[in-house]
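# Results of the structural survey
What follows is the residue order along each chain.
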Amino acid sequence: MPDKKTLPVSNDAVAVMDLGTNTFHLLIARGSAANPEELFHTTVPVKLGEGGINNGIIQPEAYKRGIDTMLKFHEHILEHKAVRIRAIATSALRSASNGGDFIEEVKAKTGIAIELINGEREAKYIYEGVKAGNCLSNQNSLILDIGGGSVEFVLCNNEGILWKKSFEMGAARMLDKFHRVDPIPQPAIAELNNYLEQTLPSFFAAAAKIKIDNIIGSSGAFETFAEVIELQKGNEFDLNKNREYKFEPQEFISITNWLIGSSHAERANTKVIIPIRVDMIVSAALITRFVMQKLGVRDVVMTTSSLKEGVLAEALG
């Protein structure tokens, strides 16, 4: 049995971890950036930001869930004999006073060196992931990635990035700030929209200079929007087989209207809404609708590609 701190050198497999505020992802793959072969993929609802995201601290229970998950990820990495390992930490670990302690403990127990990246680099990796998923064209798109801690805005096309920025206004933060009564009341929606208005002027200034043809929703909440629409139609919907999904504009408006007006019980009883997203999906819907209305854009596309695919593309080079 290899020493727990020794990461093996064997085949050409690459392990990529996206350590987000809500979920930790592990993707192990090999091959080329253009044609990766997925060997293993798991997502764990760690809820690292639970109970403390806006207070700048990872609470003890969340901290333990995170460490336990990293120990499990390490087992999977050993099992698949991954040669190269990339672990990317974003908003929750970026802003937590004990984020450094978490990173040090993971290194001590597993040998995995977590890279703490800033919002600009996070947005760049998201762009590269979406591009690797072949979602971009010569038209201008807004990539919108709504995480638990931050939201990344990337104005781009298949030639490159026109503008990008990360804002610490993710769904978990908005839930904590505004969604204290369920269903969310109109005054709270107005407060949230006012907060977005005050937070996003740099984005709106950049967006005013170009024609944006569509919004590309990167993984997360947008996967749930698609799953709920297809569930209500009585269709089976497998994200492994549907890596991209073009929303019909009126269906998208209807489903986000329903989510915003729904109760916790209604969302919890909708089988395709995973538990960690039951409440945060409301904030995600409100953020998306606010941006759509401000930009006057109705066309929305979901892609399952995001940060981890961007990091993987870089690692496979």
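Here the structure is shown first, and the text comes after it.
Here the structure is a predicted model, which is why all the values come from computation and not from measurement.

Parameters at a glance
- Residues numbered from 1 in each chain as written.
- Predicted model: local features only at pLDDT ≥ 70, side-chain atom pairs only at ≥ 80, totals over all residues.
- Heavy atoms only, no water.
- 1 Å grid on protein atoms, 1.4 Å probe; cavity = no way out; pocket = protein on both sides within 12 Å on 5 of 7 lines; lining within 4 Å.
- Points joined across faces, edges and corners; volume = space filled by probe spheres on them.
- Helix = DSSP H or I, 4+ residues; strand = E, 2+ residues; numbered from the N terminus.
- Nonpolar A, V, L, I, M, F, W, Y, C, P; charged D, E, K, R; others polar.
- Polar contact = N/O pair within 3.5 Å; in protein donor to acceptor, adjacent residues only side chain to side chain.
- Salt bridge = Lys/Arg side-chain N within 4 Å of Asp/Glu carboxyl O.
- Buried < 20%, exposed > 50% of the residue type's maximum accessible area, 1.4 Å probe, protein only.

## Looking at the layout of surface pockets
It is a probe the size of a water molecule, rolled over the atoms, that shows where empty space is left. Size it by volume and the second largest pocket reaches roughly 390 Å³. In this structure, the second largest pocket is lined by 21 residues; those nearest its centre are K47, E50, A172, L175 and M280. Counting residues per element, the lining of the second largest pocket draws most heavily on helix 5 (residues 171-178), at three residues. Of the residues contributing to the lining of the second largest pocket, the split by class is nine nonpolar, eight polar and four charged.

## Digging into the side chain of S218
Looking at the element boundaries, S218 is found in strand 9 (residues 214-218). At 3.1 Å, the side chain of S218 and the side chain of S306 are in polar contact.

## Some points on the pattern of salt bridges
Applying the stated criterion across every chain yields a total of 22 salt bridges. As a salt-bridge pair, R30 and E37 come within 3.0 Å of each other at their nearest N and O atoms. Owing to a relative accessible area of 39%, E37 belongs among the partly exposed residues under this scheme. Across the pair E309 and K308 runs a salt bridge whose closest N-O atoms are separated by 3.4 Å.

## Some details on unusual backbone geometry
Between D182 and P183 the backbone carries a cis peptide bond, its omega angle lying at -5°. The topology assignment puts P183 in the loop between helix 5 and helix 6 (186-199). Positive phi, close to 50°, is recorded for K81, a residue that is not glycine. Examined against the element boundaries, K81 turns out to sit in the loop between helix 1 (60-80) and strand 4 (84-89). In the Ramachandran plot, N134 falls in the positive-phi region, its phi being about 60° despite a non-glycine side chain. Note that N134 resides in the loop between helix 4 (119-132) and strand 6 (141-146).

## Quick word on empty space enclosed by the protein
This model, assessed by the stated rule, comprises one cavity of 30 Å³ or more. Of the pockets and cavities examined, the largest cavity occupies roughly 40 Å³. Around the largest cavity, the lining residues are L48, G49, G52, I53, G56, I57, I58, A92, S95 and A96. Class assignment of the residues belonging to the lining of the largest cavity gives a composition of six nonpolar, four polar and no charged.

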